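What follows is the residue order along each chain.
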Amino acid sequence: MSELGGDAPTWKEFGEGHLVELTELAEACLAADGGLPLFARTPLLRARLLQTRTLGAWHDGGLVAAVGVGTGGQSATSTGLVHPDWRGRGLGSRLLSWAGEQAGDADLLLTTESWNLGADALFTARGFERTFTEWVLRHDLTALPEVARPDGVRTEPVTWEIGPELFEAYYASFADRPGFGAPTAEEWLGDLREDDDYRPDLSLIARGPDGTAVGFLNVIDNWIDQVGVVPEWRGRRVGAYLVATALRALAGDGAREAWLCVNDNNPAAALYRRLGFHDAGRRARYLRRRG
């Protein structure tokens, strides 16, 4: 019997006034499954679960399962959670069926920030295709990697004065990757400026012997948000050096851990693990098309 009790839960909607209960549910799922720790913070909880329609399962005043469905875009969107102590009782299946009913004739995009095998099996059995998977990696900053500076490379902190160069390094580093969205400099730099957690003082731009930008790294809070190296400088340890330098800067700034996300088919994942990052769960998206 679950420690939360064996009685059937009560089903009803939830809203802004239930952020405490939503946080506790997200924290329980993250503790069991791993995943994106930011999911337990209010901004991402709101974005994922406080959507157009909501449905929760309640027991003894606690929220043991929840799903939100957004119906304002081209595709309906949904995120659901089931407390680890309440799994295997059909709650996830009910949440998914309800989400499908709310989506109607629209495609349905599922997002999970705390991926687990049970959810994957359920989604696959219901005709959803996994379209995106990322590893969430954590680094304990009590043990820092040593990476020699590549020949001819120097680094400097980011300032807004070199913003255009930072964007050019980003664009050159990612333009050859499948699915690259090609934002404008104004859009990309604007997003950084508007993020209160962006750390230009810990972010880095790498320059070659002629002063041209050959790579970059952005830090947001204690997350290594993006690392890029222009094609002609790949394979020269520039990315490894940038990451190791950022980890030392974060540790010097008082952080106890650092985080990053990496796509499961990105070869850089092996580099990050060699530098001391450890798996801390996965996050994923699934899509079911109508018609």
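Keep in mind that what you see is a predicted model, and the values were worked out from it rather than measured.

### Some details on the overall build of the protein
The helix and strand tally for the protein stands at 8 helices and 12 strands. By principal-axis analysis of the C-alpha atoms, the protein measures approximately 70 × 45 × 30 Å. Burial status across the protein gives 48% buried among its 291 residues. A total accessible area of about 14,300 Å² is found for the protein, and carbon and sulfur atoms account for 47% of it. With 30 positive and 41 negative side-chain charges, the protein shows a spacing of 5 Å between the two charge centroids.

### What to know about a negative patch on the surface
A cluster of acidic residues, Glu 186, Glu 187, Asp 191 and Glu 194, forms a negative patch on the protein surface. By the element assignment, Glu 194 lies in helix H6 (residues 185-194). Residue Glu 194 is classed as exposed on the basis of its relative accessible area of 66%.

### Thoughts on the environment of Ala 175
Locating Ala 175 in the fold gives a position in the loop between helix H5 (163-174) and H6. A relative accessible area of 37% places Ala 175 in the partly exposed class.

### Here we look at the pattern of salt bridges
Close approach of charged atoms lets side chains of opposite charge pair. Using the criterion set out here, one finds 18 salt bridges in the structure. Among the ionic pairs, Arg 138 bridges to Glu 257, the shortest N-O distance being 2.7 Å. Of the two residues, Arg 138 sits in strand E6 (residues 129-140) while Glu 257 sits in strand E11 (residues 257-263), which places them 119 residues apart along the sequence. Residue Glu 156 pairs with Arg 207 through a salt bridge whose shortest N-O separation is 2.9 Å. In this pair, Glu 156 is assigned in strand E7 (residues 154-157) and Arg 207 in strand E8 (residues 204-207), connecting sequence segments 51 residues apart. Three or more residues are tied together by salt bridges with common partners; here these are Arg 48, Glu 113, Glu 134 and Arg 283.

### As for the confidence of the model for the protein
The pLDDT averaged across the protein works out to 95; a share of 98% of its residues lies at or above 70. The low-confidence segment residues 1-5 (pLDDT under 50) makes 14 contacts with residues lying over four places distant or belonging to another chain.

### Examining unusual backbone geometry
Even without glycine at this site, Asp 60 takes up a positive phi of about 50°. With respect to the secondary-structure elements, Asp 60 resides in the loop between strand E2 (53-59) and strand E3 (62-70). On the basis of relative accessible area, Asp 60 is assigned to the exposed category, the value being 73%. One non-glycine residue with positive phi stands out, namely Ala 182, at about 50°. The residue Ala 182 is located in the loop between H5 and H6 in this model.

### Considering the layout of surface pockets
Considered as a void within the structure, the second largest pocket measures approximately 450 Å³ in volume. For the second largest pocket, the lining is made up of 29 residues, of which Val 82, Gly 92, Ala 119, Leu 122 and Phe 123 are closest to its centre. With 6 residues, the single largest contributor to the lining of the second largest pocket is helix H3 (residues 91-103). Looking at the lining of the second largest pocket residue by residue, the classes come out as 14 nonpolar, 12 polar and 3 charged.

### Considerations on the packing of H5 against H6
One can describe the packing of H5 onto H6 by two numbers: an axis separation of 10 Å at closest approach and a directional angle of 110°. In terms of their interaxial angle, H5 and H6 are classed as roughly perpendicular. Note on element contacts: H6 touches H5 through Ala 185, Trp 188, Leu 189 and Leu 192, opposite Gly 163, Pro 164, Leu 166, Phe 167 and Tyr 170. Per-class residue counts for the contact of H5 with H6 are 8 nonpolar, 1 polar and no charged.

### Remarks on the packing of helix H1 (residues 19-33) against helix H2 (residues 42-49)
Closest axis-to-axis distance for the H1/H2 pair is 11 Å, and the angle between their directions is 95°. Taken together, the axis directions place H1 and H2 in an arrangement best described as roughly perpendicular. Contact residues: Leu 19, Leu 22, Thr 23 and Ala 26 in H1; Thr 42, Leu 45, Arg 46 and Leu 49 in H2. Of the residues that constitute the contact of H1 with H2, the class distribution is 5 nonpolar, 2 polar and 1 charged.

### Details of the state of the cysteines
Inspection of the entire model under this criterion finds 0 disulfides. Here Cys 29 is not disulfide-linked; the sulfur of Cys 261 is the nearest cysteine sulfur, at 17 Å.

### Here we look at the pairing of strand E12 (residues 278-288)
Note on strand geometry: in a regular strand, side chains alternate between the two faces of the sheet. Here 5 bridges tie strand E5 (residues 108-112) to E12, and the two strands are oriented antiparallel to one another. Residue pairing for E12: Leu 110 is matched across the bridge by Tyr 286. Where E6 lies against E12, 8 bridges are found, and the strand directions are antiparallel. Residue Phe 132 lies in a different strand from E12, and its bridge partner there is Arg 285.

What counts, and where the lines are drawn
Residues numbered from 1 in each chain as written. Predicted model: local features only at pLDDT ≥ 70, side-chain atom pairs only at ≥ 80, totals over all residues. Heavy atoms only, no water. Helix = DSSP H or I, 4+ residues; strand = E, 2+ residues; numbered from the N terminus. Buried < 20%, exposed > 50% of the residue type's maximum accessible area, 1.4 Å probe, protein only. Areas by Shrake-Rupley, 256 points an atom, 1.4 Å probe, with all protein chains shown as cover. Lys, Arg positive; Asp, Glu negative; His and termini not counted. Charge placed at Lys NZ, Arg CZ, Asp CG, Glu CD. Patch = residues over 30% accessible without salt bridge, like charges linked within 9 Å, V, L, I, M, F, W, Y side chains within 5 Å. Salt bridge = Lys/Arg side-chain N within 4 Å of Asp/Glu carboxyl O. pLDDT = per-residue confidence, 0-100. Contact = heavy atoms within 4.5 Å. 1 Å grid on protein atoms, 1.4 Å probe; cavity = no way out; pocket = protein on both sides within 12 Å on 5 of 7 lines; lining within 4 Å. Points joined across faces, edges and corners; volume = space filled by probe spheres on them. Nonpolar A, V, L, I, M, F, W, Y, C, P; charged D, E, K, R; others polar. Axes fitted to C-alpha atoms, helices over the stretch in contact; angles between N-to-C directions. Parallel < 35°, antiparallel > 145°, perpendicular 65-115°, else oblique. Disulfide = S-S within 2.5 Å. Pairing = 2+ DSSP bridges.

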